[in-house]
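Coordinates in review
For reference, the chains in residue letters:
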Amino acid sequence: MDDLLSEFLTETSESLSTLDVALVNLEQNPNDPQILGNIFRLVHTIKGTCGFLGLPRLEHVAHAGENVLGKFRDGELEVTPAAVTLILQSIDRIKLILGHLEQNECEPEGSDEDLIAQLNAMAEGRAGGPPPPPPPPMPTFESVARQPEPEPVAAAAPPPPEPEPDDEPAPSASVPVPAAQPPAVAAPAAVVTGAPVEAKESAVAAQTIRVNVELLENLMTLVSELVLTRNQLLQMVRGKDDSEFATPLQRLSHITTDLQEGVMKTRMQPIGNAWAKLPRIVRDLSVEMNKKIDLQMLGADTELDRQVLELIKDPLTHMVRNSADHGLEPTEERKRIGKPEIGKVVLNAYHEGGHIIIEISDDGRGLNLDRIKQKAIQNGLATESELEALTPQQIYQFIFKAGFSTAEKVTSVSGRGVGMDVVRTNIEKIGGTVELKSVPGKGSSFVIKIPLTLAIVSALIVECASERFAIPQISVLELVRVTGNSEHGIEMINNAPVLRLRDRLLPLVSLKRLLLLAEDTEERQETFIVVTQVGTYTFGIIVDRVFDTEEIVVKPVAPILRHISMFSGNTILGDGSVIMILDPNGIAGVTGESGLLGNAQAAEAQVARESHADAKTSLLVFRAGGEDLKAVPLALVARLEEIDLQEIEHSHGKPMVQYRGHLMPLIAIDGVMNFRDEGRQPVLVFSDQDHTMGLVVDEIVDIVEDRLRVELSAGSPGIIGTAVIAGKATTIIDAGYYLPQAFGDWFGRNDKEFGNPDFHAPRILLVDDSPFFRNLLTPLLSVAGYEVISVESADRALLLRERGDEFDAIISDIEMPGMSGFEFAQAVRSDFRWSQIPMVALSSHATEKDFERGRQVGFNDYIAKFDRDALLSTLASTIAASKGAA
Amino acid sequence: MNQIVPAGKRQSTELAAPETQDFVTMFIEGQLFGIPVLTVQDVLGPQKITRIPLAPREVAGSLNLRGRIVTAIDVRLRLGLKKRAEEKKGMSVVVDMGGELYSLMVDSVGEVLSLPAAKFERNPPTLDPHWREFSIGIYRLDDKLLVVLDVGKLLDFTRNE
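Residues numbered from 1 in each chain as written. Chains lettered and ligands numbered in written order. Predicted model: local features only at pLDDT ≥ 70, side-chain atom pairs only at ≥ 80, totals over all residues.

**Observations concerning the overall build of chain A**
Definition in use: Helical segments are the DSSP runs of H or I of at least four residues, strand segments are the runs of E of at least two, and each set is numbered from the N terminus. Here, residues touch in the contact sense if the C-beta positions derived from the backbone fall within 7 Å of one another.
Scanning chain A from N- to C-terminus turns up 28 helices and 35 strands. Taking all contacts inside chain A whose residues are at least 6 apart in sequence as the whole, residues at least 24 apart take part in 66%.

**Brief notes about the overall build of chain B**
The line we're drawing: Counting other C-beta atoms within 10 Å of its own, a residue is labelled buried from 20 upward, exposed at 12 or fewer, and partly exposed in the gap between, with every C-beta atom placed from the backbone.
Across its full length, chain B holds four helices and 11 strands. A buried classification covers 30% of the 161 residues belonging to chain B.

**With respect to the packing of helix α3 (residues 56-73) of chain A against helix α4 (residues 81-104) of chain A**
Residue and element names in this part refer to chain A. Note the following rule: Interaxial angle, 0 to 180 degrees, is taken between N-to-C directions of lines fitted to C-alpha atoms, where a helix line uses only the stretch in contact. For classification purposes, an angle smaller than 35 degrees is called roughly parallel, one larger than 145 roughly antiparallel, one from 65 to 115 roughly perpendicular, and anything else oblique. The handedness criterion is simple: a crossing whose near helix is rotated anticlockwise from the far helix by less than a right angle is left-handed, and one whose near helix is rotated clockwise is right-handed. Here the nonpolar group is Ala, Val, Leu, Ile, Met, Phe, Trp, Tyr, Cys and Pro; Asp, Glu, Lys and Arg are the charged ones; every other residue, Gly included, is treated as polar.
Look at α3 against α4: their axes get within 10 Å of each other, and the N-to-C directions meet at 160°. Relative to α4, α3 is oriented roughly antiparallel. Relative to α4, α3 is oriented so that their crossing is left-handed. Between α3 and α4, the contacting residues are R57, L58, V61, A62, A64, G65, V68 and L69 on the first element and A83, I87, S90, R93, I94 and I97 on the second. Split into classes, the residues belonging to the contact of α3 with α4 amount to 10 nonpolar, two polar and two charged.

**Side note on the sheet that holds strand β15 (residues 537-543) of chain A**
Residues and elements named next belong to chain A. The condition that has to hold: For two strands to be treated as a pair, DSSP must find at least two bridges joining them.
Strand order in this open sheet of six strands is β10-β14-β15-β13-β12-β11, and the pairing throughout is mixed. Each of the sheet's edge strands pairs with one partner strand only, and the pair in question is β10 (476-483) and β11 (490-493). Direction aside, neighbouring strands of the sheet carry axes that sit 35° apart on average. Pairing between β10 and strand β14 (residues 526-534): seven bridges, direction antiparallel. The residue bridging T483 from the neighbouring strand is E526, located in β14.

**Some thoughts on the confidence of the model for chain A**
All names here are of chain A. The test is simple: The quantity known as pLDDT measures the predictor's confidence residue by residue, on a range of 0 to 100.
Residues with a pLDDT of 70 or more make up 75% of chain A, whose mean pLDDT is 73. Note that residues 408-417 has pLDDT below 50 and, in this model, 24 contacts with residues that lie over four places away or in other chains. Counting contacts from residues 593-614, a segment whose pLDDT is below 50, to residues more than four positions away or on other chains yields 38 contacts.

**Some details on unusual backbone geometry**
Residue and element names in this part refer to chain A. Of note, the phi angle at S466 is positive, near 65°, even though the residue is not glycine. Its location among the elements puts S466 in the loop between β8 (456-464) and β9 (467-472). Here L516, not a glycine, exhibits a phi torsion of approximately 55°, which is positive. Along the chain, L516 turns up in the loop between α20 (511-514) and β14.

**A few points about the nonpolar core**
Test applied: For the purposes of this analysis, a nonpolar core is taken to be any set of buried Ala, Val, Leu, Ile, Met, Phe, Trp, Tyr and Cys residues that are connected through C-beta atoms within 7 Å. Domain delimitation in this document rests on an assignment produced automatically or drawn from a domain database.
V632, L695, I764, L765, A809, I810 and V840 of chain A are the most contacted members of the largest nonpolar core, which totals 73 residues. Two domains each donate at least three residues to this core, and these are domain 5 (616-742) and domain 6 (763-885) of chain A. Residues contacting L765 of chain A, with those up to four places away along its chain left out, are I789, A797, L800, F807 and I810 of chain A. V557 and M580 of chain A together with V75 and V106 of chain B belong to the second-largest nonpolar core, a separate cluster that totals 72 residues.

**Brief notes about the sheet that holds strand β32 (residues 787-791) of chain A**
Residue and element names in this part refer to chain A. Read across the open sheet, the five strands follow the order β32-β31-β33-β34-β35; overall the sheet is parallel. The sheet terminates laterally at β32 and β35 (861-864), the two strands that pair on one side only. Going across the sheet, the axis of each strand differs from the next one's by a mean of 20°, ignoring polarity. Where strand β31 (residues 763-767) meets strand β33 (residues 809-813), four bridges bridge the pair, whose relative direction is parallel. Across the sheet, I764 pairs through a bridge with A809, a residue of β33. Taken strand by strand, helix α25 (residues 794-803) contacts β31 and β32, and its axis lies near 150° from that of β31. Helix α26 (residues 821-829) rests against β31, β33 and β34 (839-843) of the sheet, and its axis sits at about 155° to β33.

**Remarks on the environment of E352 of chain A**
Residue and element names in this part refer to chain A. Within the fold, E352 resides in strand β4 (residues 343-352). When the C-alpha atoms of E352 and I450 are compared, they prove to be 9.9 Å apart, with 98 residues separating the residues in sequence. Beyond its immediate stretch of four places on either side in the chain, E352 contacts I357 and N585.

**A few points about the interface of chain A and chain B**
Each partner contributes residues to the interface: chain A has 22 residues there, and chain B has 19 residues. Mapped by element, the contributors of at least two residues to the side of chain A that touches chain B are α10 (213-237), β17 (567-572) and β18 (578-582) of chain A. Class assignment for the residues of the side of chain A that touches chain B results in 13 nonpolar, six polar and three charged.

**With respect to α4 of chain A**
Within an α-helix, residues lying three or four positions from one another point in the same direction, as the helix has 3.6 residues per turn. Note the following rule: For a helix, the expected span equals 1.5 Å multiplied by the number of residues minus one.
Helix length check: α4 of chain A (24 residues) gives 34 Å between terminal C-alpha atoms against 34 Å at 1.5 Å per residue, within 8%. Positive phi appears at E105 of chain A, one or two residues downstream of α4 of chain A, with a value of about 55°.

**Let's talk about the environment of S782 of chain A**
All names here are of chain A. Structurally, the position occupied by S782 is in helix α24 (residues 771-783). For S782, a count of 20 C-beta atoms within 10 Å gives the class buried. In this structure, the C-alpha to C-alpha distance between S782 and I720, residues 62 residues apart in sequence, is 10.0 Å.

**Points about helix α13 (residues 278-289) of chain A**
Here α13 of chain A is 12 residues long and its end C-alpha atoms lie 16 Å apart, about the 16 Å a rise of 1.5 Å per residue gives. N290 of chain A occupies a position one or two residues after α13 of chain A and carries a positive phi of about 55°.

This is the structure:
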């Protein structure tokens, strides 16, 4: 059976048994809104799930039932026994269909018009007449001719027992279940074709059983104690090598460890399990709503406690559904406002400082502030003047209130105002929080933060002032040991400790000071720095000693200690002692770096290192074809060689040498080969992937590090311009000019169009994984009057977008590791921030097909990698075009 | 529906006439205290306690009780008394509060007493306001007085400060 279907059956049969009880309660307490709300939700969930599974009969019955329940809830209909009977009848009908579904994996034929008509009549308040005639309990079965009459044995069979299949795929119905079944069980062949009623039992009683989580919890506690006892025993035997206990104890130890792991594993599951249904749901939704939706799921393997997983499953489904339904605009509207047609819903899960964060974001229209205000006033949640005093973000929070839905119309998908309040309730039940951010026109994002209550993390145990603490390993980057005589000690800037770490200043936090631990007076010989990362903010925590890492089970701290943001929990170590778990997030927050700020700063630093605009460049200074100094960025030069003149050969009249198993063409700087008469000749070897070329020079002068600021641009080919390097005017050679000369398949024209004065240094983002090309193009483009920011991957480029950088054009390589140029273009186009920036693709493969594909994903133009002139002219024209358009 | 008796009424009648109530007794600086026996989970001798930095002063730390983490509260400090002398070993009474375990550190733990309601009295108005907050009332024993501690208030750190 389809996983999805079997899970649906399990869930629904649970819901139905709850419903029966709840409905009976409702009949007795017709005015209890809580019971009513509960029933409504259950039916709503059943309806929603059926819709996505493509079960129209079920969906229609549930929908009609929900309508009536909705009227109850809104007080428009009175809860009468007749009404409840009708609802119960529809529940029975649902059960009937489900039973058939379980055996045949399809809905029975037949129609529910009679029941739906009654329900609709009830919903419209026309049910004042006689109570509906009790319909035959199983009309549908009669209508299905090929269905055998249920045998008495089966009819007498008890309802499916509580242990029901888990998420595991249920064993296929063709597996006969031995024993326990009445002998009436049909032969396997019959099961496959005819599906006798007995198969119901075998399908449900699968190989997995449901175990109460509390039982697992108890097991876990017992195992923890076992571990502690084991450790004590080991301690006692240690040092007594000849102990007769040594061997059995070792065995005990192994088994204990295995047992511990096993018990822990029973509780942990990747969050992807909870997401398994979503792609299908979104797909169906996109068909139903006629929207194009791209669902991205990141971090699906983030492990999470089973119990927590169960509890967030439904909220997540709700939220994704909401994002797709309410959040994303219809395709037409998206087109009209210039957004990419395909709406995006992104799910992202990750661990962060003792929490699991799940983000659900869409690039839709954002929440409608005015509608929410209206609704809030309508529902009496707030008055107009109260709303005036609130910020938009505060007003958005109203969507978490019960009975709140801003959808204009009730669709079968959502819009009844169940959902967000359930979402919040469920999340808060497990001690989590849900945050909402929304920007009109840009989309909204929900951030669910769930404490790792029972999740297992690896933690580094450190000591400070004789107290031990655990730091989640996940946020630890590295450890640095600082001794009195190490090269760089801890330095102070007005009492703020910092450490020089690989040419960067690392801010330090003293755990002792932070936690107000007793300051020991003696000067330590050595201290340790735990380099920690929160978001992209990196800092060091000063501790006295570092012990081992241990797998720990995070337990929440007592409520009276929750206000201390420095701790994310506490745990019991292997030796039985209690230890506090430090929260790097909290520490970062307290030391004056909120996560957000840190991100921005770190990204800035990153970019500063990446951009070549003002950085120093290593330059190789040489002489060739004259006495004046020439220079080329050292990064471009693969090697410096001296070749023996004897080895120079000629082919087609061009000089070349055999170099490392390949032929390397030799090029002279001024086109005239002025080889020395004898001896050796220095050659600069330029290399990019399979191409190698030697530039013959007269003399290598020096390597200097200086700012490459071309002050005079020269008109002659092969020269970028003149710059002052190490105090001397030096000609900067355009290596890109010489490369094509060596190989026929490279372009070699030289009618450059240097800097157009009309532009005020347009900013260009260059994305290329090859340092060679970045180094080649950056000076070239800056000489042409552009401000160039170069990054080595599409991810980095998108980081800049997140940072809010703006560019006039983007030049991107196509073949890159990780995200390719095509994917990058799609990513750029799919977000409105950069959607208007002209993009130029750069590739060594320039076939017609590539051009076509490039255009499709959003590149404005496609240029072969070595066609510098085309690049420059294209850049100029596309920027001009986009400026003109804007 | 009308057979349901309002729950509040029934309970109050039950509460009003308890014959006797059982208390675990404990001593702090010679003063006798008591807490209802049913709230007590465990009585512990001296334990290894992990300090919790930045915690309120009355929180002595946390300890491991058979795999559960218990927060230790120094009742002396809570009552505004001086810290116990280092050399004297104390005892603790473990109570459950909203699913969390707390260990109340006292000087010593005595026997369980069954006390008749007739000997119960409200706090005398002259009682130290600090104590009045944590005391439900007083039982008159033959030779001394027993202060009934309000565990809920004792563990409610949000109210003061």
